[in-house]
Amino acid sequence: MMVAALLDLGADVQALKRALSSLPVDGFKIQILRVVKNGLDACDFHVLLDDAHENHDHDMAYLHGNDPGHIGHHGDHEDHGHRGLPEILEIIRQADMTERAKGLAERIFRILARAEAKAHGVPLEQVHFHEVGAVDSIVDILAAAVCLDDLDITEAVIPRLCEGTGTIRCQHGILPIPVPAVLRIAKEHGLPLTFTQVEGELVTPTGAAIAAAIRTDRELPERFTVKKTGIGAGK
């Protein structure tokens, strides 16, 4: 949703494609479409994964301990789904993107890794990402960083994050919403949460980490003019 909104705002599609095609990661392609949601024209950014890389679980970095022989959904070793923070940072460093975009992507992943380490009670260096280290989340976060950099966005006002209610199923069972990593990020970075009556998860750990990484203010100016708007389709 974030990437789509930034593309709708005017971020350079070619710069995004160039960065993503340079990643030492395979098993994905991207699709950028115009869609109508609730009667509104919006941009849709979709990461399409092949069967071997499909992320079947919830968007959260549930740990599989230090067992490199974890059996995946397809009975194979899901090496693509067990990247630690050092491996992910190396992927970022190899990407064809500006140093500022790399720095932002690294900041987002570090925020995420710290939250997961605290949520699961393990040292940062032992965090082995599953869902969030999977290909789609790497692409999402790097794409957001590239688009933010291309638009030269250096300030972001985020008054609050609107969250849903209920529970969500993940690899380790049923969790309440907000999930632990979202709560950790909100606590550590002072992100106010507002609860809505919507059943389901409205704030993912990845989304919360992006918000925490870019937020510079919580109060909108009393008066302002709108230069441009961008709408991204969620899913």
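Above this text you will find the structure in question.
These figures come from a predicted structure and were not determined experimentally. As a convention, each chain's residues are numbered from 1 in the sequence order in which they are written. It should be noted that, the model being predicted, local features are given only for residues of pLDDT at least 70 and side-chain atom pairs only at 80 or more, the latter also being counted only at that level, while totals for whole chains, interfaces and linings use all residues. Processing note: side-chain calculations cover all non-hydrogen atoms of the structure and skip hydrogens and water entirely.

**A word on the overall build of the protein**
- Looking only at helices and strands, the protein has seven helices and six strands in total.
- We count a stretch as a helix when DSSP gives it H or I for four or more residues in a row; a strand needs E for two or more, and each element gets its number in order from the N terminus. Its helices and strands taken in sequence order, the protein reads α-α-β-β-α-α-α-β-β-β-α-β-α from the N to the C terminus.
- Relative accessible area decides the class of each residue, using a 1.4 Å probe on protein chains only: under 20% of the type maximum gives buried, over 50% gives exposed, and in between gives partly exposed. When the 235 residues of the protein are sorted by exposure, 46% land in the buried category.
- Exposure was quantified through the Shrake-Rupley algorithm and a 1.4 Å probe, taking into account, for residues, occlusion by the shown protein chains and nothing else. Carbon and sulfur atoms make up 51% of the accessible area of the protein, which totals about 12,000 Å².

**Side note on unusual backbone geometry**
- A cis amide bond links Ile-177 with the next residue in sequence, Pro-178, at an omega value of 5°.
- Tracing the sequence through the fold places Pro-178 in the loop between strand 5 (173–176) and helix 6 (180–189).
- Residues other than glycine seldom take positive phi values, yet Asp-152 does so here, at roughly 55°.
- Along the chain, the position of Asp-152 falls in the loop between helix 5 (135–150) and strand 3 (161–165).

**Examining the packing of helix 4 (residues 99–120) against helix 5**
- One way to put it is that helix 4 packs onto helix 5 with a least axis distance of 8 Å and a crossing angle of 135°. As judged from the angle between their axes, helix 4 and helix 5 are oblique. Between helix 4 and helix 5 lies a crossing of right-handed hand. On the side of helix 4, the interface is formed by Arg-100, Ala-101, Leu-104, Ala-105, Ile-108, Phe-109 and Leu-112, while helix 5 contributes Ser-137, Ile-138, Ile-141, Leu-142, Ala-145, Val-146, Leu-148 and Asp-149.
- For this scheme, ten residues count as nonpolar: Ala, Val, Leu, Ile, Met, Phe, Trp, Tyr, Cys and Pro. Four count as charged, namely Asp, Glu, Lys and Arg, and the remainder, Gly too, count as polar. A breakdown of the residues in the contact of helix 4 with helix 5 according to their chemical character gives twelve nonpolar, one polar and two charged. Comment: axis = line fitted to C-alpha atoms, over the contacting stretch for helices; angle = value between 0 and 180 degrees taken between N-to-C directions. If an angle is under 35 degrees, it is roughly parallel; if it is over 145, roughly antiparallel; if it lies from 65 to 115, roughly perpendicular; otherwise it is oblique. By definition, any crossing whose near helix is turned counterclockwise from its far helix by less than a right angle is left-handed, and any crossing with a clockwise turn is right-handed. The contact criterion used is simple: two residues touch if any of their non-hydrogen atoms lie within 4.5 Å.

**Comments concerning the environment of Gln-126**
- Of note, Gln-126 is situated in the loop between helix 4 and helix 5.
- Counting along the chain gives 13 residues from Gln-126 to Ala-113, while the straight-line C-alpha distance between them is 9.8 Å.

**Some words on helix 1 (residues 2–9)**
- Among all positions of helix 1, only Val-3, Ala-4, Ala-5, Leu-6 and Leu-7 are buried.
- Turning to helix 1, the residues buried within the fold contact helix 2 (13–21), strand 1 (28–37), strand 2 (40–49) and helix 5.
- The first or second residue beyond helix 1 is Gly-10, which carries a positive phi of 120°.

**Considering the nonpolar core**
- Judged by nonpolar contacts, the single largest core of 63 residues is most densely connected at Leu-16, Phe-28, Phe-45, Met-97, Phe-109, Leu-142 and Ile-185.
- Per-element accounting of this core gives the leading share, eleven residues, to helix 5.
- Sequence-distant contacts of Ile-185, that is, excluding residues within four places in its chain, are made with Ile-111, Leu-112, Ala-115, Leu-191, Pro-205, Ala-208, Ala-209 and Ala-212. Buried Ala, Val, Leu, Ile, Met, Phe, Trp, Tyr and Cys residues form a nonpolar core when they are joined through side-chain atoms within 4.5 Å.

**So, the pattern of salt bridges**
- Note on definitions: salt bridges are taken to be side-chain nitrogens of Lys or Arg within 4 Å of carboxyl oxygens of Asp or Glu. Scanning the entire structure with this criterion turns up eleven salt bridges.
- Put simply, Arg-34 and Asp-41 hold a salt bridge, and the shortest N to O gap is 2.6 Å.
- Arg-34 gets classed as partly exposed once you look at its relative accessible area, which sits at 46%.
- Where Glu-106 meets Arg-110, a salt bridge forms, and the shortest distance between an N and an O atom there is 3.1 Å. A residue pair is termed a helical-turn pair when its members lie 3 or 4 positions apart in one helix, as Glu-106 and Arg-110 do in helix 4 at four residues.

**Side note on the side chain of Lys-102**
- Considering the arrangement of structural elements, one finds Lys-102 in helix 4.
- Take Lys-102: its relative accessible area is 14%, and that puts it in the buried class.
- In protein, a polar contact means a hydrogen-donor-capable atom and an acceptor-capable atom, both N or O and within 3.5 Å, with residues adjacent in sequence counting only if both atoms are side-chain atoms; elsewhere, any N or O pair within 3.5 Å suffices. Looking at Lys-102, its side chain comes within polar contact range of the main-chain oxygen of Ala-95, at 3.4 Å.
- Excluding anything up to four places from it in sequence, Lys-102 contacts Ile-92, Arg-93, Ala-95 and Met-97.

**Quick word on the environment of Glu-163**
- In this fold, Glu-163 is placed in strand 3.
- Between the C-alpha atoms of Glu-163 and Gln-197, which are 34 residues apart in sequence, the distance is 8.7 Å.

**Topic: a nonpolar patch on the surface**
- A cluster of nonpolar side chains, Val-157, Leu-220, Phe-224 and Val-226, forms an exposed patch at the surface whose accessible area comes to about 380 Å².
- By secondary structure assignment, the location of Val-226 is in the segment after helix 7 (205–214). For patch detection, residues must exceed 30% relative accessible area and be free of salt bridges, and they are connected within 9 Å for like charges or within 5 Å for nonpolar side chains (Val, Leu, Ile, Met, Phe, Trp, Tyr).

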